[in-house]
Amino acid sequence: RLPASLKEAAAALAADKRLAELLGPETVRYWLGSRDWEWMAFHTGGGDPDRVGDYELGRYFEQT
């Protein structure tokens, strides 16, 4: 079963010792830190978790 949220995915990665061995602890620490930043930026920037909005469009898609 896939995690339903970014927080659930980060918690699953943090708890998965085998995956940490495969990816390396530096990679796991980096990914967890960057997802914490992503979550905070979304929730303090007015993001709506129930729809794709301006936050996602501006962050993930090049707008010309």
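Residues numbered from 1 in each chain as written. Predicted model: local features only at pLDDT ≥ 70, side-chain atom pairs only at ≥ 80, totals over all residues. Heavy atoms only, no water.

Q: What exactly am I supposed to notice about the overall build of the chain here?
A: Helix and strand counts for the chain stand at 4 helices and 0 strands. By the compact-globule yardstick of 11 Å for 64 residues, the chain is too spread out, its C-alpha radius of gyration being 14 Å. For the chain, the spread of C-alpha atoms along the principal axes amounts to about 40 × 25 × 20 Å. In the chain, which comprises 64 residues, the proportion classed as buried is 19%. Accessible surface, the chain as shown: approximately 5,300 Å² in total, 57% of it carbon and sulfur. (Helix = DSSP H or I, 4+ residues; strand = E, 2+ residues; numbered from the N terminus. Rg over C-alpha atoms; globule rule 2.2 N^0.38 Å. Buried < 20%, exposed > 50% of the residue type's maximum accessible area, 1.4 Å probe, protein only. Areas by Shrake-Rupley, 256 points an atom, 1.4 Å probe, with all protein chains shown as cover.)

Q: Is there a simple way to think about the packing of aromatic side chains in this case?
A: Two descriptors summarise a pair of aromatic rings, namely the distance from one centre to the other and the angle between the planes of the rings. For the coordinates displayed, the defined rule picks out 0 aromatic pairs. Taking the ring centre of W39 as reference, the NZ or CZ of K7 above it sits at 4.7 Å. (Phe/Tyr/Trp six-rings, centres within 6.5 Å; stacked < 30°, edge-to-face > 60°. Lys NZ or Arg CZ within 6 Å of the ring centre and 35° of its normal.)

Q: Mind showing me how you'd approach helix α3 (residues 25-44) here?
A: Taking 1.5 Å as the rise per residue, α3 with 20 residues should run 28 Å; its terminal C-alpha atoms sit 28 Å apart, in good agreement. As for α3, its buried residues are in contact with α1 (6-15), α2 (17-23) and α4 (54-60). Positive phi appears at G46, one or two residues downstream of α3, with a value of about 85°. (Expected span 1.5 Å × (residues − 1). Contact = heavy atoms within 4.5 Å.)

Q: Looking at this model, I keep getting lost on the packing of α1 against α3. Mind explaining?
A: For any two helices packed against each other, the geometry comes down to the angle between their axes and how far apart the axes lie. It is at 10 Å that the axes of α1 and α3 come closest, and there the two elements cross at 160°. Considered as vectors, α1 and α3 are oriented roughly antiparallel to each other. For the element pair α1 and α3, the recorded crossing hand is left-handed. Mapping the contact onto sequence places L6, K7, A9, A10, L13 and A14 in α1 and V28, W31, L32, R35, D36, E38 and W39 in α3. Residues of the contact of α1 with α3, tallied by class, amount to 9 nonpolar, no polar and 4 charged. (Axes fitted to C-alpha atoms, helices over the stretch in contact; angles between N-to-C directions. Parallel < 35°, antiparallel > 145°, perpendicular 65-115°, else oblique. Left-handed = near helix turned anticlockwise from the far one by under 90°. Nonpolar A, V, L, I, M, F, W, Y, C, P; charged D, E, K, R; others polar.)

Q: Sorry, what's going on with the confidence of the model for the chain here?
A: Note that predicted coordinates carrying low pLDDT should not be read in detail. Model confidence for the chain is summarised by a mean pLDDT of 85, while 95% of its residues fall at 70 or above. Per-element mean pLDDT across the chain ranges from 76 in α4 up to 94 in α2. (pLDDT = per-residue confidence, 0-100.)

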